Amino acid sequence: MKVKVNEEACIGCGACTAYSEAVFELNDDGISVVKTDEVPEDEVQNVKDAIDSCPTAASKKIIIKPLNLV
Ligand code: SF4
């Protein structure tokens, strides 16, 4: 499983890093970046919880979810 951050939609709330420091970190601009190519097996549930907790950003009536599985 892979996870991707839409950097334009990320508001840097840090929720994803709280769920999985092994997979996410905030860069110098305060935007979440994915540290691993593949999500480690023992981090899968944490990443799913991070996706559920990731806030949405509304832009021109299109709801963008910063975190997505790929
Ligand atoms: S939870 Fe979503 S909005 Fe918050 S830092 Fe992570 S990717 Fe960005």
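Up top you'll find the structure we're talking about.
Since this is a predicted model, take the numbers as computed values, not measurements.

Here we look at the overall build of the chain
Across its full length, the chain carries two helices and six strands. In sequence order, the secondary structure elements of the chain are arranged as β-α-β-β-α-β-β-β. Summarising the internal contacts of the chain: among those between residues at least 6 apart in sequence, 54% fall at separations of at least 24.

Quick notes on the environment of Val5
Looking at where Val5 falls in the secondary structure, it is placed in strand E1 (residues 3–5). For Val5, a count of 18 C-beta atoms within 10 Å puts it in the partly exposed group. Each C-alpha atom of the pair Val5 and Ile51 lies 9.9 Å from the other, and the pair is 46 residues apart in sequence. Those residues in contact with Val5 that lie beyond four places of it in its chain are Cys10, Ser32, Val33, Val34, Pro66 and Leu67.

Rules used in this analysis
Numbers given to residues run from 1 along each chain, matching the order in which its sequence is written. Since the coordinates come from a predicted model, pLDDT governs what is reported: local features require at least 70, and pairs of side-chain atoms require 80 or more to be given and counted, while whole-chain, interface and lining totals use all residues. Put simply, DSSP H or I for four residues or longer makes a helix, DSSP E for two residues or longer makes a strand, and each gets a number counted from the N terminus. A residue pair is marked as a contact if its C-beta atoms, positioned from the backbone, fall within 7 Å. Exposure in this text rests on C-beta crowding, where 20 or more other C-beta atoms within 10 Å of a residue's own make it buried, 12 or fewer make it exposed, and counts in between make it partly exposed. The C-beta atoms are placed from the backbone.

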